[in-house]
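For reference, the chains in residue letters:
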Amino acid sequence: AQTVTQSQPEMSVQEAETVTLSCTYDTSESNYYLFWYKQPPSRQMILVIRQEAYKQQNATENRFSVNFQKAAKSFSLKISDSQLGDTAMYFCAFTIQGAQKLVFGQGTRLTINP
Amino acid sequence: GAVVSQHPSWVICKSGTSVKIECRSLDFQATTMFWYRQFPKQSLMLMATSNEGSKATYEQGVEKDKFLINHASLTLSTLTVTSAHPEDSSFYICSAHRTGSSYEQYFGPGTRLTVT
């Protein structure tokens, strides 16, 4: 069975700082996808970034980037120049190819302080 | 594009009654939809996988007779909480997997259920 672990329940940084959220996963599959989702107070799940396991290059989306270490089964999220609007719960998630369920980590509550 | 709606967004019902929650993919087809439950400050817990035209697959520990799922079309799945009890109060979220995609899955805004 696949598992996803986020070891940081809460993090807090000052606005404009850089912050890294950790995520590890366990799977025996070779083709899979990793995601970071943001859940603000509205509770709408928002996709932040996606990484395909077969791609060696780390995904980036503006201020958001990942450090994907396939051998170590690690998938961390870096937020640069953090903004107040980044305050939210962040979930790391995993799925195998096809219409398969997402497996979520426990979440990290990130607070950006002014 | 890729919008998923849920209705209602918030519902209060009395103990013993049933309540239906709808999940619709507005601009794409979704052969598979997923229903999650989320308690405050916790992660999403998958309840069941809903497939159009067939019976839902429930996760271990989820009572299928209590949480009835119907996926009657490629754009609509419903979750009915039967004989609701206060412990069923929670936030329910659906997601829809775009038919034919390897990974595209979109989330609805969630439904807050309060059972009094």
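Residues numbered from 1 in each chain as written. Chains lettered and ligands numbered in written order. Predicted model: local features only at pLDDT ≥ 70, side-chain atom pairs only at ≥ 80, totals over all residues. Heavy atoms only, no water.

The next thing to look at is the overall build of chain B. Of regular secondary structure, chain B possesses zero helices and eleven strands. Going residue by residue from the N terminus, the α and β elements of chain B occur as β-β-β-β-β-β-β-β-β-β-β. Rg of the C-alpha trace for chain B: 13 Å, near the compact-globule value of 13 Å for 116 residues, within the 12% margin. Along the first, second and third principal axes, the C-alpha set of chain B runs to 40 × 25 × 25 Å. Per-residue burial for chain B yields a buried fraction of 49% across its 116 residues. A fraction of 55% describes how many contacts in chain B between residues 6 or more apart in sequence connect residues 24 or more apart. Carbon and sulfur atoms make up 51% of the accessible area of chain B, which totals about 5,500 Å². Taking the average location of the 10 positive side-chain charges in chain B and that of its 9 negative ones, the two points are 5 Å from each other. (Helix = DSSP H or I, 4+ residues; strand = E, 2+ residues; numbered from the N terminus. Rg over C-alpha atoms; globule rule 2.2 N^0.38 Å. Buried < 20%, exposed > 50% of the residue type's maximum accessible area, 1.4 Å probe, protein only. Contact = heavy atoms within 4.5 Å. Areas by Shrake-Rupley, 256 points an atom, 1.4 Å probe, with all protein chains shown as cover. Lys, Arg positive; Asp, Glu negative; His and termini not counted. Charge placed at Lys NZ, Arg CZ, Asp CG, Glu CD.)

Check the secondary structure of chain A and you find zero helices and twelve strands. Element order for chain A, N to C, with α for helix and β for strand: β-β-β-β-β-β-β-β-β-β-β-β. Taking 2.2 N^0.38 as the reference for a compact globule, 114 residues should give roughly 13 Å; the C-alpha atoms of chain A span a radius of gyration of 14 Å, in line with that estimate. Judged by the C-alpha coordinates and their principal axes, chain A covers about 40 × 25 × 20 Å. Burial status across chain A gives 47% buried among its 114 residues. Within chain A, contacts between residues at least 6 apart in sequence are counted, and of these 55% link residues at least 24 apart. Summed over all atoms, the accessible surface of chain A reaches about 5,500 Å², with 44% contributed by carbon and sulfur. Between the centroid of the 10 positive side chains of chain A and the centroid of its 9 negative side chains there is a distance of 6 Å.

Accessible area lost upon the coming together of the parts serves often as the stated size of an interface. At the interface, 22 residues of chain B touch 21 residues of chain A. Of the roughly 1,800 Å² buried at the junction of chain B and chain A (both faces included), carbon and sulfur atoms supply 54%. Per-residue buried area on chain B facing chain A is highest for B:Ser102, B:Tyr103 and B:Phe107; these three make up 32% of the total on that side. Two residues, B:Glu59 and A:Lys101, come together in a salt bridge whose shortest N-O distance is 3.2 Å. Inspection of the region where chain B meets chain A yields six residue pairs in polar contact (both at pLDDT 80 or more). The element contributing the most residues to the side of chain B that touches chain A is strand 4 (residues 32-38) of chain B, with four residues. Of the residues contributing to the side of chain B that touches chain A, the split by class is ten nonpolar, nine polar and three charged. (Buried area = accessible area lost by both parts, 1.4 Å probe. Salt bridge = Lys/Arg side-chain N within 4 Å of Asp/Glu carboxyl O. Polar contact = N/O pair within 3.5 Å; in protein donor to acceptor, adjacent residues only side chain to side chain. Nonpolar A, V, L, I, M, F, W, Y, C, P; charged D, E, K, R; others polar.)

The next subject is the side chain of A:Arg63. Residue and element names in this part refer to chain A. Assignment of secondary structure puts Arg63 in the loop between strand 7 (60-61) and strand 8 (64-69). Take Arg63: its relative accessible area is 19%, and that puts it in the buried class. Leave out the neighbours within four places in its chain, and Arg63 touches Lys78, Ile79, Ser80, Asp81, Ser82, Gln83 and Asp86.

Let us now look at empty space enclosed by the protein. All names here are of chain A. Enumeration over the complete set of coordinates arrives at one cavity of 30 Å³ or more. The computed volume of the largest cavity comes to approximately 30 Å³. Lining the largest cavity are Ser30, Asn31, Tyr32, Tyr33, Ala53, Tyr54 and Gln97. Partitioning the lining of the largest cavity into residue classes produces four nonpolar, three polar and no charged. (1 Å grid on protein atoms, 1.4 Å probe; cavity = no way out; pocket = protein on both sides within 12 Å on 5 of 7 lines; lining within 4 Å. Points joined across faces, edges and corners; volume = space filled by probe spheres on them.)

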